[in-house]
Amino acid sequence: MGVSAAFFDLDKTVIAKSSALAFGRPFYRDGLISRRDVVKSAYAQLMFRLGGGSDEQAMARTRDYLAALCKGWKVEQVQQIVAETLNELINPYVYAEAASLIAEHQAAGRDVVLVSASGDEMVRPIGALLGITDIIATRMSIVDGKYSGEVDFYAAGPSKAAGVRALAAERGYDLADCYAYSDSTSDLPLLEVVGHPSAVNPDRALRRTAVENGWPILDFRHPIPLGKRLRDRPAVPVAAALGVGVGVAIGLALYGRHRRTKALA
């Protein structure tokens, strides 16, 4: 257990796509969702993101829709689909910059935690792909091995911050010494709960807030499969705009040795 932690949002922060929508095709193929469900899910997430996702009613509607959609699904089937398609659907879309930053925090002795509104059954395997075991994710109620249509914990908005505070209390983290990264203004509660927040590929509202507060603004632009990252580390640039726009480009081979040493001190 580390002395502090770095909390990473998942979608558009660590991976260059929606983790939940990424599995839509295999869920459709295996009969869990219909074509209409695929369209509705994509539209619901688009509206959530365009609206900033910070409205409590919007969050509640999204939560309830997802709970109803998953009702009756076998948990084991979902886990199997995720395991079988993870390498194809997620691995190629992990930002090289995010993987490097995660490695830097780990090298500095910090715990790294993925914090996502996607379901635990999706987020935990993605974390394992990145060498992360600590997860704060949405948990669905399960009865007799199937989703009941109820949500035990919806990891969105203020609930993300609540999950972080609970983990910090359990582990003894001083949140003033912790880090958080997200792309969305809906995650302001998450960013505001730590002493070192950063906006990653921020939406317009979050960018404005980051500038006003002097938070680092990071631009992640290079999703690259894990295997290729290990083979071609020096060829991958890391671009980060710190504060109000100071650009830094450093190769992945540096990992934690030189890049952003001051920011992670």
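Note that this is a predicted model, so its numbers are computed, not measured.

Asks: Got a sec to walk through helix α5 (residues 75-89)? Specific residues and values, please.
Replies: With 15 residues, α5 extends 19 Å from end C-alpha to end C-alpha; this agrees with the ideal 21 Å at 1.5 Å per step. Remark: the principal bend of α5, roughly 35 degrees, maps to Ala83. For α5, the complete set of buried residues consists of Val75, Val78, Ile81, Val82, Thr85, Leu86 and Leu89. In the core, the buried residues of α5 are packed alongside α1 (19-22), α2 (24-29), α7 (120-129), β3 (134-143) and β4 (146-153).

Asks: An account of the environment of Val193 is needed here, citing residue identities and associated values.
Replies: By the element assignment, Val193 lies in the loop between α9 (188-192) and β6 (196-200). Between the C-alpha atoms of Val193 and Leu175, which are 18 residues apart in sequence, the distance is 6.9 Å.

Asks: Hey, could you go over the pattern of salt bridges for me, with residue numbers and the actual values?
Replies: Opposite charge on two side chains allows them to pair when their charged atoms are near. All told, the structure shown has 9 salt bridges when counted by the stated rule. The residue Arg171 makes a salt bridge to Asp111 at a minimum N-O spacing of 3.3 Å. One end of the pair, Arg171, is in helix α8 (residues 158-171); the other, Asp111, is in strand β2 (residues 111-119), and 60 residues separate them in sequence. The class for Arg171 is partly exposed, based on a relative accessible area of 21%. The closest approach of N and O atoms between Asp120 and Arg124, which form a salt bridge, is 2.9 Å. With Asp120 and Arg124 both in helix α7 and 4 residues apart, the pair spans about one turn of that helix. Note on Asp120: relative accessible area 18%, which makes it buried.

Conventions we followed
- Residues numbered from 1 in each chain as written.
- Predicted model: local features only at pLDDT ≥ 70, side-chain atom pairs only at ≥ 80, totals over all residues.
- Heavy atoms only, no water.
- Helix = DSSP H or I, 4+ residues; strand = E, 2+ residues; numbered from the N terminus.
- Expected span 1.5 Å × (residues − 1).
- Bend = angle between axes of the 7 residues up to and from the residue.
- Buried < 20%, exposed > 50% of the residue type's maximum accessible area, 1.4 Å probe, protein only.
- Contact = heavy atoms within 4.5 Å.
- Salt bridge = Lys/Arg side-chain N within 4 Å of Asp/Glu carboxyl O.

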